[in-house]
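Working through the structure, step by step
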Amino acid sequence: MISEKIIKTEMGRQALDESQTCVRLFDEKQSDYGSRNIACFDDNVLNMFGVAVRLNDKVQRALNLLQKQMKDPKAKPNNESLLDTARDVSNYGLILALLAQEKWK
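Within each chain, residue numbers correspond to sequence positions counted from 1 in written order. Totals for whole chains, interfaces and linings use all residues, but because this is a predicted model, local features are given only for residues with pLDDT of at least 70 and pairs of side-chain atoms are given and counted only at 80 or more. Working from all heavy atoms in the structure, the side-chain values ignore hydrogens and water.

1. Structural notes on the nonpolar core
Put simply, the test is: Nonpolar core, defined: a set of buried Ala, Val, Leu, Ile, Met, Phe, Trp, Tyr and Cys residues in which side-chain atoms within 4.5 Å join the residues together. In this scheme, a residue with accessible area under 20% of its type's maximum is buried, one over 50% is exposed, and one in between is partly exposed, where area comes from a 1.4 Å probe on protein chains only. Under the DSSP-based scheme used, a helix requires at least four consecutive residues in state H or I and a strand at least two consecutive residues in state E, with every element numbered from the N terminus. Contacts are assigned to residue pairs that have any heavy atoms within 4.5 Å of one another.
Formed by Phe26, Ile38, Ala39, Val51, Leu55, Tyr92, Ile95, Leu99 and Trp104, the largest nonpolar core amounts to nine residues. Of all the secondary structure elements, the ones that give two or more residues to this core are helix H3 (44–71) and helix H4 (82–100). The element best represented in this core is H4, accounting for three residues. In contact with leucine 55, other than residues within four places in its own chain, are Val89, Tyr92, Gly93 and Leu96.

What follows is the structure, given as structure tokens:
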């Protein structure tokens, strides 16, 4: 397996597994919504700005979920878990990287 040859640590292998989950989610959303949902402007900088705003929304959501959990460890969110939010942050980071490299189509 590729991870045994290239990835040296257990945490690296765990990260690779999680990243595959994120990419599958990314691909499902791409199939549902397409690229214009993210990159709707002709100006790539505006598209990156839009993604940065969405990324910030997700980070703020993570902070909110963590603050609620600190107040009440038994509290469970109704609509989006911290794991869902973390995966969205990862995928918006990928989108931003693809936009920055002008690979987003």
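2. Here we look at the pattern of salt bridges
Note the following rule: In what follows, salt bridge is the name for a side-chain nitrogen of Lys or Arg lying within 4 Å of a carboxyl oxygen of Asp or Glu.
Under the defined criterion, the tally for this structure stands at five salt bridges. With a closest N to O distance of 2.5 Å, arginine 87 and glutamate 18 form a salt bridge. With arginine 87 in helix H4 and glutamate 18 in helix H2 (residues 10–33), this residue pair connects regions lying 69 residues apart in the sequence. Judged by its relative accessible area of 28%, glutamate 18 falls in the partly exposed class.

3. Some points on unusual backbone geometry
The phi dihedral of glutamate 102 is positive, around 55 degrees, even though this residue is not glycine. On the secondary structure map, glutamate 102 appears in the segment after H4.

4. Some details on the packing of H3 against H4
Test applied: Only the stretch in contact is used when fitting a helix axis, every axis being a line fitted to C-alpha atoms; angles between N-to-C directions are given from 0 to 180 degrees. Each angle gets one of four labels, with under 35 degrees taken as roughly parallel, over 145 as roughly antiparallel, 65 to 115 as roughly perpendicular, and the rest as oblique. Two helices that cross are described as forming a left-handed crossing if the nearer one is turned anticlockwise from the farther one by less than a right angle, and a right-handed crossing if clockwise. Each residue gets one of three labels, nonpolar for Ala, Val, Leu, Ile, Met, Phe, Trp, Tyr, Cys and Pro, charged for Asp, Glu, Lys and Arg, and polar for the others, Gly among them.
With their axes 9 Å apart at the nearest point, H3 and H4 run at an angle of 160 degrees to one another. With respect to H4, the element H3 is oriented roughly antiparallel. The interaxial crossing formed by H3 with H4 has left-handed handedness. Contacts from Asn44, Asn47, Met48, Val51, Arg54, Leu55, Lys58, Val59, Arg61, Ala62, Leu65 and Leu66 in H3 reach Leu82, Thr85, Asp88, Val89, Tyr92, Gly93, Ile95, Leu96, Leu99 and Ala100 in H4. When its residues are assigned to classes, the contact of H3 with H4 shows 14 nonpolar, four polar and four charged.

5. Thoughts on the environment of alanine 100
Along the chain, the position of alanine 100 falls in helix H4. Relative accessible area serves as the criterion here: at 52%, alanine 100 is assigned to the exposed category.

6. What to know about the confidence of the model for the protein chain
Formally: Confidence per residue, as judged by the predictor, is encoded in pLDDT with a range of 0 to 100.
Considering every residue of the protein chain, the mean pLDDT works out to 93; 96% of them sit at 70 or more. Within the protein chain, the element-level pLDDT minimum falls on helix H1 (residues 2–6), averaging 68, and the maximum on H4, averaging 97.

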